[in-house]
Amino acid sequence: MRVVTTAQPLDVQPTPLALLLLGRESDPKSERGVECPGDLPSPSDPDLVARARAAKEKLGDKVFILGHHYQRDEVIEFADVTGDSFKLARDAAAKPEAEYIVFCGVHFMAESADILTSDAQKVVLPDLAAGCSMADMATAEQVAECWDVLTEAGIAGATVPVSYMNSSADIKAFTGKHGGTICTSSNAKKALDWAFEQGEKVLFLPDQHLGRNTAVRDMGMSLDDCVVYNPHKPNGGLTAEELRGAKMILWRGHCSVHGRFSLDSVNDVRERIPGVNVLVHPECKHEVVAAADYVGSTEYIIKALEAAPAGSKWAIGTELNLVKRLANRFAAEDKEVVFLDKTVCFCSTMNRIDLPHLVWTLESLAEGNLVNQIRVDKETEGFAKLALERMLALP
């Protein structure tokens, strides 16, 4: 046995992120949130469904519940509307009579709802710890430092920021302040077309895969036109020459769910299920998107299955709650729907919104206690709304 010793003890200082993950520090600006106050009903409480119905009935038109497609069935059951993040935020804005908007999703989605709704409405997130790992991958400080790097390289003036809807209010505000726009997975090409009419380059935040797939697959760019800016490296890990030569400067962020799908997943499901149609979300890696038969947003995935012929077979590369729900829905139409990967992969932060949290939220509101309100400050809201309005104005 070989023993390795050191003459002096290693001077290893844990990073702030490491301390946060170890539970020894907190970050009030992080979308990871904090513990919710109050006592939650037990998950095994047999009366949860009845209690949720009673509280919702007591609140009446004062409450409007939004359910993202990736939520659990037990939560979706009580949603007044379902959809993707931007659709739900717009649905909330179209319901001005509702005093409380209960957003069953994650933090950045509730922020968007607060930005788009009136001051009289109060947006509530049942669990403040329901964040988004992708949104967490780009902080305001990191993006400001990136802009300084682009300025030093002499290209900031020619660069237009385009931020994915899956970003914090701070990042949306940065985008609006610097002449950029927001995009969804459905209109990313339109947003990029607009951006390239305004400038020569795009800084795409925070999902590198959606940016790369849209640029290469939909707009005919090459992979060489794209560089990845890593906020954890000096100058993003890029030289000034690399930045000047790029058309797409992609932020090093990704979705923890969609990033798990691999080319092996696609090859394996084709071998297991002859004739299967592979349908994936554009947040997947480029090699997965290139190997798929169809690529599109959550809404696109749902509509594709609705239009699919009976007897067809589909492997879906998106969050498992939605895939399971679609499989159950279309089984009666003799459509086989399976999850693309063998590994079970829920969105862990979406799943933090469960029935106990929803019951606690609704009962608290019914008793006149406002809990877990999500508020975006006025300056941030103003610039973020500007970026959102630019998106809404896209042809």
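Residues numbered from 1 in each chain as written. Predicted model: local features only at pLDDT ≥ 70, side-chain atom pairs only at ≥ 80, totals over all residues. Heavy atoms only, no water.

Caption draft 1: Structural view of the pattern of salt bridges. Per the counting criterion, the structure on display carries 19 salt bridges. The residue Arg329 makes a salt bridge to Glu306 at a minimum N-O spacing of 2.7 Å. You can see Arg329 sitting in helix α15 (residues 320-331) and its partner Glu306 sitting in helix α14 (residues 298-307), a full 23 residues away along the chain. When its relative accessible area of 40% is taken as the criterion, Glu306 is described as partly exposed. Residues joined in a network through salt bridges with shared partners are Lys62, Glu99 and Lys122. (Salt bridge = Lys/Arg side-chain N within 4 Å of Asp/Glu carboxyl O. Helix = DSSP H or I, 4+ residues; strand = E, 2+ residues; numbered from the N terminus. Buried < 20%, exposed > 50% of the residue type's maximum accessible area, 1.4 Å probe, protein only.)

Caption draft 2: Region of the structure containing the packing of aromatic side chains. Scanning the model with the defined rule gives 4 aromatic pairs in all. A centroid spacing of 5.3 Å and a plane angle of 25° characterise the contact between Tyr229 and Trp251, whose relative ring orientation is stacked. Of this pair, Tyr229 sits in strand β8 (residues 226-229) while Trp251 sits in strand β9 (residues 248-251), placing them 22 residues apart in sequence. On the basis of relative accessible area, Trp251 is assigned to the buried category, the value being 0%. (Phe/Tyr/Trp six-rings, centres within 6.5 Å; stacked < 30°, edge-to-face > 60°.)

Caption draft 3: Main features of the layout of surface pockets. Roughly 440 Å³ of volume is contained in the second largest pocket. Forming the walls of the second largest pocket are 32 residues, and the residues nearest its centre are Tyr70, Asn166, Cys255, Glu283 and Met350. Elements with a contribution of two residues or more to the lining of the second largest pocket: α4 (85-93), α5 (107-116) and α6 (133-136). Per-class residue counts for the lining of the second largest pocket are 15 nonpolar, 15 polar and 2 charged. (1 Å grid on protein atoms, 1.4 Å probe; cavity = no way out; pocket = protein on both sides within 12 Å on 5 of 7 lines; lining within 4 Å. Points joined across faces, edges and corners; volume = space filled by probe spheres on them. Nonpolar A, V, L, I, M, F, W, Y, C, P; charged D, E, K, R; others polar.)

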